[in-house]
Amino acid sequence: MASANTSWSEENFSCSICLDVFSSPVSTPCGHNFCRTCITKFWDGQVEYKCPFCNELFNTRPDLRVNILFSEMVDRLGTSLRVKEQPCVEPAEVPCDVCTGTQLKAVKSCLVCLTSYCQSHLEPHHRVAGLKKHRLVEPMDRLDDRMCKKHDRLLELFCKTEQMCVCQFCTETDHKSHPVIPLKEEYEVKTAQLGKLEAEVKQWIQERQKNIQEIKDTVKRSKADAEREIADGVQVFTALMRRIEKCHDDLYQMVKEKLKSTVKQAEYLIKELEQEIEDLTNRSSEVKQLSHTEDHLHFLQAFRSLKDPPPTRDLTTVEVCPPSYVGTLRRSLDQLEETLNMEMKKLHDAELKRVQQYEVDVTLDPDTAHPWFILSEDGKQVHDGGVRKRLPDNPKRFTLLGGVLTRQSFSSGRFYFEVQVKDMTLWSLGVARESIDRKGGSRWTPENGYWTLLSNKDVLVFRDYPDVCLPLRAGLQKVGVFVDYDEGLLSFYDVEARVHLYSATGCTFSEPLYPLLYPGLHYGGNNSAPLIISPVNQTD
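These remarks concern the structure in this document.

The rules behind each value
- Residues numbered from 1 in each chain as written.
- Predicted model: local features only at pLDDT ≥ 70, side-chain atom pairs only at ≥ 80, totals over all residues.
- Heavy atoms only, no water.
- Helix = DSSP H or I, 4+ residues; strand = E, 2+ residues; numbered from the N terminus.
- Rg over C-alpha atoms; globule rule 2.2 N^0.38 Å.
- Buried < 20%, exposed > 50% of the residue type's maximum accessible area, 1.4 Å probe, protein only.
- Contact = heavy atoms within 4.5 Å.
- Areas by Shrake-Rupley, 256 points an atom, 1.4 Å probe, with all protein chains shown as cover.
- Lys, Arg positive; Asp, Glu negative; His and termini not counted.
- Charge placed at Lys NZ, Arg CZ, Asp CG, Glu CD.
- Salt bridge = Lys/Arg side-chain N within 4 Å of Asp/Glu carboxyl O.
- Pairing = 2+ DSSP bridges.
- Axes fitted to C-alpha atoms, helices over the stretch in contact; angles between N-to-C directions.
- Core = buried A, V, L, I, M, F, W, Y, C linked by side-chain atoms within 4.5 Å.
- Arc of directions from axis to C-beta.
- Phe/Tyr/Trp six-rings, centres within 6.5 Å; stacked < 30°, edge-to-face > 60°.
- Lys NZ or Arg CZ within 6 Å of the ring centre and 35° of its normal.
- Polar contact = N/O pair within 3.5 Å; in protein donor to acceptor, adjacent residues only side chain to side chain.
- Parallel < 35°, antiparallel > 145°, perpendicular 65-115°, else oblique.
- Left-handed = near helix turned anticlockwise from the far one by under 90°.
- Nonpolar A, V, L, I, M, F, W, Y, C, P; charged D, E, K, R; others polar.

When its secondary structure is counted, the protein chain shows eight helices and 23 strands. Taking 24 Å as the expected radius of gyration for a compact globule of 540 residues, we find that the protein chain reaches 56 Å, considerably beyond that expectation. Residues classed as buried in the protein chain amount to 32% of the 540 residues present. Contacts in the protein chain between residues far apart in sequence, at least 24 positions, make up 56% of those at least 6 positions apart. A total of about 34,600 Å² of accessible surface is found on the protein chain, and carbon and sulfur atoms cover 54% of it. Put simply, the protein chain has 69 plus and 80 minus side-chain charges, and the middle of one group is 4 Å from the middle of the other.

So, in structure tokens, the structure goes:
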């Protein structure tokens, strides 16, 4: 008997439901063995009661009996009997839907049962005649999502019209006239599109990372600018406060010294006058006493010494002149103003150096030049030629009010350029927005899209409504123009004198800006010099 038992295979001691070694084995009336828990759960979900192994149908739910001999054999063998190990499911693999406890890797999915099976649980599909007809495919997860909800058939095709997955029955009904292709073909198309989209997304990410870095760099520069501005402010105001304190101390000392000298002079004169009063008082007493004597000899002898008064100061010379403080405070303020001017000059110089760092290389656009004006070949100079040229009609060209724009425009950030105005009596320069009226006679004001400085003989103004008159600058030879587009700031500088001329703040820049030059008419040779876009020389 022992030799007979050992010849059995492990399958003889495995439950055909759980495919594991029997646990509390029981027998059905047809003689097949199952785990008590497995057969109980199996019948709990059935209307008819049949054997899971041979499909014998029972009229009533059978009473499960323990096969004593078989149970003893299973207990005796214990853990030595096990179904052959199968691989457990790994992440991204399809698990077996039947396994309880440790889930094994599915080897096939049944499109009829809508269930994925490991090798052991797939066995009935290879053995049972009815199950052999089921369609088995490579393991798939979420099988319910792969079935057509209307026809309960596998979604195998793709409708190009509706852009959706369909089954074979769908192509014979709702999608009969629509072009359909296998899912694999559409997958390949979409995969190619996905690759392109992935590249685009990667580019978008890089662009945004670049924007983030630019923002961080801007913040870093802003912090550095703020720290520098604060440091410069502390330096300037510290120097001014020291100068104010010195001027205050000097004024205080000067006034105190003058007052001290006056008081000393007054005290000296008062002392002298009081001494004279004392001497005269004594003489008065002597005279009074002598006037009461009746001794003729004594009277005459004493009178001789009293008739001449004691020496006294000429009262016309006794005078204390109060000190004059007129101009004292003014002279102190003049010194303070001189210090302030020196600090302002240093500040202007530092400011100009900072904005010069934003120099841009711009050239004039001949397509925009007024017919009176002549441009140099390098596009850096413009002057009035004295003759109106016949030029083709160009929507970019100025025709009524003269002017010429650069080829380059700016829609963000900061930029700076310099223009030589030496030997000219009439000129205008600045920036203009792209949509300005180039054919009509619109006034050159910010409202109309122009931000310009105008010089006409003895007049220097910022063109606005009304114009802003500026102090005349003798010997103005070169003008610097700085624009902070995002800040809405436009500034003009006298480059040679290193002086700030004017700033327009709170400007609304909402479209591209072009540097603008207007050389003016030459008026018989009186204004024939050109306007010249000059390279920046920061050593000026």
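Taken as a whole, this structure holds 24 salt bridges when the rule is applied. The network of salt bridges with shared partners includes Asp225, Arg228, Arg414 and Asp484.

Further remarks concern the sheet that holds strand E14 (residues 414–420). Taking strand neighbours across the sheet as the criterion, the seven strands line up as E11-E12-E23-E14-E19-E20-E21 in an open arrangement whose pairing is antiparallel. Lying at the two open borders of the sheet, with one neighbouring strand each, are strand E11 (373–375) and strand E21 (499–504). Direction aside, neighbouring strands of the sheet carry axes that sit 20 degrees apart on average. Of the strand pairs in this sheet, strand E12 (residues 381–384) and strand E23 (residues 531–534) are connected by two bridges, and their pairing is antiparallel. Within the sheet, the bridge partner assigned to valine 382 lies in E23 and is leucine 531. Contacts from helix H8 (residues 328–356) reach E14, strand E19 (478–484), strand E20 (489–494) and E21, with the element oriented near 110 degrees to E14.

All right, on to the sheet that holds strand E6 (residues 115–117) then. Backbone hydrogen bonds are what pair the strands of a sheet, in a parallel or an antiparallel way. Pairing within the open sheet is antiparallel, and its three strands lie in the order E6-E5-E7. Since the sheet does not close on itself, it has two edges, and those belong to E6 and strand E7 (136–137), each with one partner. Pairing of strand E5 (residues 108–110) with E7, which is carried by two bridges, proceeds in the antiparallel orientation. Within E7, the residue paired with serine 109 across the bridge is valine 137.

Let us now look at the nonpolar core. If you look at the biggest cluster of nonpolar residues, it comprises 50 residues, and the most contacted ones within it are Trp427, Val479, Leu490 and Phe492. With residues up to four places along the chain from it excluded, the contact list for valine 479 reads Phe417, Glu418, Val419, Val421, Trp427, Leu429, Leu453, Phe492, Tyr493 and Val495. The next biggest cluster of nonpolar side chains, apart from the first, holds 15 residues, and it includes Phe13, Cys15, Val26 and Ile39.

Every buried residue of helix H2 (residues 36–44) is listed here: Cys38, Ile39 and Trp43. Looking straight down H2, one finds that the buried residues subtend no more than 120 degrees of arc, so they occupy a single side. Structural note: H2 exposes Lys41 and Asp44 on the side pointing more than 90 degrees away from its buried face. Residues of H2 that are buried in the fold lie against strand E1 (25–27), strand E2 (33–35), strand E3 (49–50) and strand E4 (57–58).

Here we take up the packing of aromatic side chains. Under the defined criterion, the tally for this structure stands at twelve aromatic pairs. The interplanar angle of 20 degrees and the centroid separation of 5.9 Å between the aromatic rings of phenylalanine 299 and phenylalanine 303 together place this pair among those described as stacked. With phenylalanine 299 and phenylalanine 303 both in helix H7 (residues 296–306) and four residues apart, this pair spans about one turn of that helix. With 5.9 Å between their ring centres and 45 degrees between their planes, tyrosine 358 and phenylalanine 482 make a pair best called tilted. Here tyrosine 358 is found in the loop between H8 and E11, whereas its partner phenylalanine 482 is found in strand E19, with 124 residues between them in sequence. Relative accessible area serves as the criterion here: at 27%, tyrosine 358 is assigned to the partly exposed category. Seen from the ring of phenylalanine 53, arginine 127 lies directly overhead, with NZ or CZ sitting 4.9 Å from the centre.

So, on to the side chain of threonine 452. Mapped onto the fold, threonine 452 is located in strand E16 (residues 450–456). The class for threonine 452 is buried, based on a relative accessible area of 0%. Look past the residues within four positions of threonine 452 in its chain and what remains in contact with it is Ser428, Leu429, Gly430, Val431, Trp444, Val461, Phe462, Arg463, Phe492 and Leu516.

It is worth spelling out the pairing of E19 at this point. For a regular strand, side chains alternate in direction, first toward one face of the sheet and then toward the other. Counting buried positions over the seven residues of E19 gives seven, a clear majority of the element. On E19, burial covers both faces: Lys478, Gly480, Phe482 and Asp484 on one face and Val479, Val481 and Val483 on the other are all buried. Pairing geometry for E14 and E19, over seven bridges, is antiparallel. Bridge pairing in E19 links phenylalanine 417 to valine 481. Relative to E20, E19 is paired through six bridges, and the arrangement is antiparallel. Each residue of the ladder has a partner; that of glycine 480, found in E20, is tyrosine 493. Taking the residues that link successive antiparallel strands as the turn, the E19-E20 hairpin has four residues, and the phi of glycine 488 there is positive, at about 70 degrees.

Before going further, it helps to examine the environment of threonine 293. Residue placement: threonine 293 occurs in the loop between helix H6 (183–290) and H7. In this structure, the C-alpha to C-alpha distance between threonine 293 and alanine 529, residues 236 residues apart in sequence, is 110 Å. Contacts of threonine 293, omitting those with residues within four sequence positions, involve His298 and Phe299. A polar atom in the side chain of threonine 293 sits 3.4 Å from the backbone nitrogen of aspartate 295.

Here H6 crosses H8 at 165 degrees, and the two axes come no closer than 9 Å. The angle between H6 and H8 places the two elements in the roughly antiparallel class. Like other packed secondary-structure pairs, H6 and H8 cross with a definite hand, here right-handed.

This part is about the packing of H6 against H7. H7 packs onto H6 with a crossing angle of 160 degrees between their chain directions and a minimal axis gap of 11 Å. On the basis of the axis angle, H6 is roughly antiparallel to H7. Pair H6 / H7 crosses with left-handed handedness. When H6 is examined against H7, the residues Arg283, Glu286, Val287 and Leu290 are found in contact with a partner set consisting of His298, Phe299, Ala302, Phe303, Ser305 and Leu306. Residue classes in the contact of H6 with H7 are distributed as six nonpolar, two polar and two charged.

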